[in-house]
Structures are given as C-alpha cells and as structure tokens.
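# A structural walkthrough
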Amino acid sequence: MIKLLIDFIQFLNTIAPLLVSLAVLTLLAALLSKSIKKHATVYYIAMAVPFAMVAIPFTGRLLGIELFNFNRIPFLGGILRDYIHMGTLGFPLLIIIMYMGALNPKNSTVKKLLGIRKELSIMSGFPILTHSLIRVTNSFPNALKFFTDNEGYMESARAINALGAGLTSFSFVLGILMLALFIPLWVTSFNSVHKRMGSVKWKKLQRWSYVLYAMLFIHAMCIQSGSMLNPREREMPKPAIEVTATTSETHNRNNRGNSELRENADRSDSGNGNKNAVQPIADSILRTEAVRPAVRNGHQQGQGFADIKVDAQIRRYIHTASLILIFGSYLYLRMRKARMKKK
Ligand code: HEM
C-alpha cells in the first residue's frame, strides 16, 4: 500500500513536477513558518550557498580561471541544476509568494504564510539570481541573434519553426526586463532597505510585482510553446515499440523525464530543435503507452504507476496546462479579492 502511494507520488512528480513541488513546498513553508521567521538568516544562508556554488566557478570560468565544478557531484549537482532551471524551489516559491496576495488572510495557513512572505521573497531571490546569471551569459547573446541576424540564427540553431524560435528568443529578452524589475523588488525586501525607504515609497514600488507576475507567465508560456514548436531530438516521437524493461529501469527512465522537461537550457543555448520535428500530437499520445509488465524469474510483475511511461511532449503539455491553471486561478482569486475590498 505504502509502495503504491510512493509510486503514485513519483508518477505525479514525473508528469506534473511543478504542481507536486508547489504542494510540498507550501506544506513545508507552513510547517516551518515559525522557524523561518525566527532563524531567517540561517534560511537565507542555506539558499545562498547553492547560488555561490554556481556563481563562483561560473564567473571564474568567464574570467579564464578554472575552478572546481560542483555540478559534477552527484545529488548536489542535481540541486544546483534545479536552481539554474528554476525547478523544484525557484518557481514554486514565486508562485506561493504571488498567491499570498490573492488568498483570504483570515485562513490559518494563509496567515502563517503571510507572516513569512518577506522571508520567502528574499529566499526566492537566490535561485532567480542563479537562473538569470547563467541564462543572461549563456542564452541571451544567442537569442539576440534571432533579431539581429535571423537567417544565421535559424541555420545555426537548426530551428525548424520560426515562430517557435521567435517565442523562445522573445522570452529571453523578456527575462532581461524581468531581471531589471526583480532586482529592486528583491533588494527592498530586506528590512534595512525597506526602513530607509519608508512605507509609502515601498508600497508603491511593490505594486510592480503584479507586472512581474504577468511577465513571468508570458516568459514561461513562451519558453514552453517555443519548445513545443521546436522540440529537442530526445523529445521527438519515436516509433511505437514494445518495451520489456524491468520495473526499476522504467522507473528510473521516468524519473529522468522530470529533469529533462526542465532542461531546456542546452537547446535554448544553441537555439532550438531538430529538422524532423513536427509530428501529429495524436501520434505522441498513442505512444504514451503503459510499459508491458516485465517477466522476472518466470513470473509476470504487476503493472504499477512506476511502469507508466509518459512521453516528453505530453509532459510538456501537462506542464503548460499547469501554468494556465496556476496563473488563471491566481488572476481570478486576485480580482475577486479586489472586488470584495471595493465593496
Ligand atoms: C527575474 C528574472 C527571471 C525569472 C523570475 C525567471 C523565471 C523563470 C521560470 C519560473 C522558469 C520556469 C518556467 C517553466 O517551468 O515553465 C524559467 C525558465 C527559463 N528562463 Fe527564466 N526567469 C528570469 C530570467 C531569465 C533570463 C534573463 C533568461 C534569459 C536571458 C531566462 C531564460 C529562461 C530559460 C531558457 C528557461 C527554460 C528553463 C531553463 O532551462 O532554465 N530567464 N524562468
């Protein structure tokens, strides 16, 4: 029973990692709210360490100094890559902070989270800065090429769809504007700066966070649609095959899918896609097959959640639907709250 539950959660994490991370992080933040409030500096340091582990060797490399690459260390490397891609921590933290302004402050969980909103904002800054540092230096110059030398870009990026390449490149330019907006919002979250600024000025500035949320939605949607139009080679539909992998092999493969979905980076760095990319969606749905039960020691293994293989493109559709659900619900709740306040 417990194994079935774990399998199911792992399966959910494979197909909808953002929603699972969001649920887990909300729960953790509510449970740790008192500790976060009391020992905020410890949490800031814990969040700043991965940033330093990425930023110091990366800046060193830019300056021609080869420093130790922490990305190579198992597990720790996974955390650092997650930081870079705004996966398990960065994006869900931003969503929690965003939702705090739209939910009923009288609700006990919302109350707890509202009490640490400033601390969560400061914590979210570290994955955002890590993500931006890598993206601005690695991906942005190439994205600019789309606008300055379109033909050269399309050729070097092996992009088959100009609209997709345009959406991806646009999302990078938008990322720069987001960064320019995020930095003052983030810096003024620190108590000392807030106090020096005064409450009136501070509140006025913080209103820009709504613009940042709108840009965040466009940024994520453009990245996802750009990748759908120019899928990477490993996301391309493969011929339907009968898979006879063992349960654990399949399970590992599905887990890998989770990070694959987030690792748009390499493709984004070199542009996009593959020459044979576009195939009917139906094709890919048909191939979202449940892997046949493996035969082990002459016995057929039962078919569990860990055996269900979900196509990378399908996972991307689910992720995009999650984005629409999250931001759509936020907009609805925020507007409802504003209407009620007016009344
Ligand atoms: C305040 C600044 C930024 C924020 C808050 C931000 C936020 C995000 C988020 C939440 C995602 C995940 C989207 C998803 O899961 O669907 C993402 C992905 C991405 N962003 Fe940003 N971003 C910022 C700046 C930038 C900049 C400056 C660039 C490039 C110039 C950039 C390029 C990318 C790329 C390529 C991805 C795909 C995932 C990856 O490989 O990292 N972002 N961003």
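Residues numbered from 1 in each chain as written. Predicted model: local features only at pLDDT ≥ 70, side-chain atom pairs only at ≥ 80, totals over all residues.

## Things to note about the overall build of the chain
Within the chain, the secondary structure is distributed over 18 helices and 2 strands. Within the chain, the proportion of its 343 residues that are buried is 28%. Summarising the internal contacts of the chain: among those between residues at least 6 apart in sequence, 80% fall at separations of at least 24. (Helix = DSSP H or I, 4+ residues; strand = E, 2+ residues; numbered from the N terminus. Buried ≥ 20, exposed ≤ 12 C-beta atoms within 10 Å, placed from the backbone. Contact = placed C-beta atoms within 7 Å.)

## A look at helix H6 (residues 90-100)
Burial of H6 is extensive: 8 of the 11 residues sit out of reach of the surface. Taken residue by residue, H6 has Gly90, Phe91, Pro92, Leu93, Leu94, Ile95, Ile96 and Ile97 as its buried positions.

## What about unusual backbone geometry?
You will see that phenylalanine 75, though not glycine, has its phi angle at about 70°, which is positive. Take phenylalanine 75: it is sitting in the loop between helix H4 (40-62) and helix H5 (76-84).

## Section: the nonpolar core
One finds Leu93, Leu94, Ile95, Ile96, Leu120 and Met123 to be the most contacted residues of the largest nonpolar core, which totals 32 residues. Of all the elements in the fold, those that place two or more residues in this core are helix H1 (2-15), helix H2 (17-31), H6, helix H8 (117-138), helix H11 (162-187) and helix H14 (209-229). Excluding its chain neighbours within four sequence positions, the residues that come into contact with methionine 123 are Tyr43, Tyr44, Met47 and Leu93. With 7 residues, the next largest nonpolar core counts Ala143, Phe146, Tyr153 and Ala165 among its residues. (Core = buried A, V, L, I, M, F, W, Y, C linked by C-beta atoms within 7 Å.)

## Considerations on the environment of alanine 143
Within the secondary structure layout, alanine 143 lies in helix H9 (residues 140-148). Considering only alpha carbons, one finds alanine 143 and glycine 166, 23 residues apart in sequence, at a separation of 8.6 Å.

## A look at the packing of H8 against H11
Relative orientation of the contacting elements H8 and H11 amounts to 145°, with a least axis distance of 11 Å. Relative to H11, the crossing made by H8 is left-handed. Here Ser121, Gly125, Ile128, Ser132, Arg135 and Val136 of H8 lie close against H11, whose contacting residues are Phe172, Gly175, Ile176, Leu179, Phe182 and Trp186. Grouping the amino acids of the contact of H8 with H11 by side-chain chemistry returns 7 nonpolar, 4 polar and 1 charged. (Axes fitted to C-alpha atoms, helices over the stretch in contact; angles between N-to-C directions. Left-handed = near helix turned anticlockwise from the far one by under 90°. Nonpolar A, V, L, I, M, F, W, Y, C, P; charged D, E, K, R; others polar.)

## A few points about the environment of methionine 98
Looking at where methionine 98 falls in the secondary structure, it is placed in helix H6. Sequence spacing of methionine 98 and leucine 212 is 114 residues, and the spatial spacing of their C-alpha atoms is 9.9 Å. Once residues within four sequence positions are removed from consideration, methionine 98 is found in contact with Tyr213 and Tyr330.

## Here's the deal with the packing of H11 against H14
One can describe the packing of H11 onto H14 by two numbers: an axis separation of 8 Å at closest approach and a directional angle of 155°. Looking at the two axes, H11 sits roughly antiparallel to H14. Read as a crossing pair, H11 and H14 show a hand that is left-handed. Among the residues making up the contact of H11 with H14, the classes are represented as 18 nonpolar, 8 polar and no charged. (Parallel < 35°, antiparallel > 145°, perpendicular 65-115°, else oblique.)

## Here we look at H4
Spacing of three or four residues puts side chains on the same side of an α-helix, whose turn is 3.6 residues. Helix length check: H4, at 23 residues, gives a terminal C-alpha distance of 32 Å against a target of 33 Å (1.5 Å per residue), a fit within 8%. Phenylalanine 51 marks where H4 bends most, by close to 25°. Every buried residue belonging to H4 is among Met47, Pro50, Met53 and Val54, and all of these are buried. Buried residues in H4 make contact with H5 and H8. (Expected span 1.5 Å × (residues − 1). Bend = angle between axes of the 7 residues up to and from the residue.)

## As for the confidence of the model for the chain
Note: predicted coordinates in regions of low pLDDT should not be interpreted at a detailed level. With 79% of its residues at a pLDDT of 70 or more, the chain has an overall mean of 83. For residues 239-296, every residue scores under 50 in pLDDT, and the model assigns this stretch 119 contacts once sequence neighbours within four places are set aside. (pLDDT = per-residue confidence, 0-100.)

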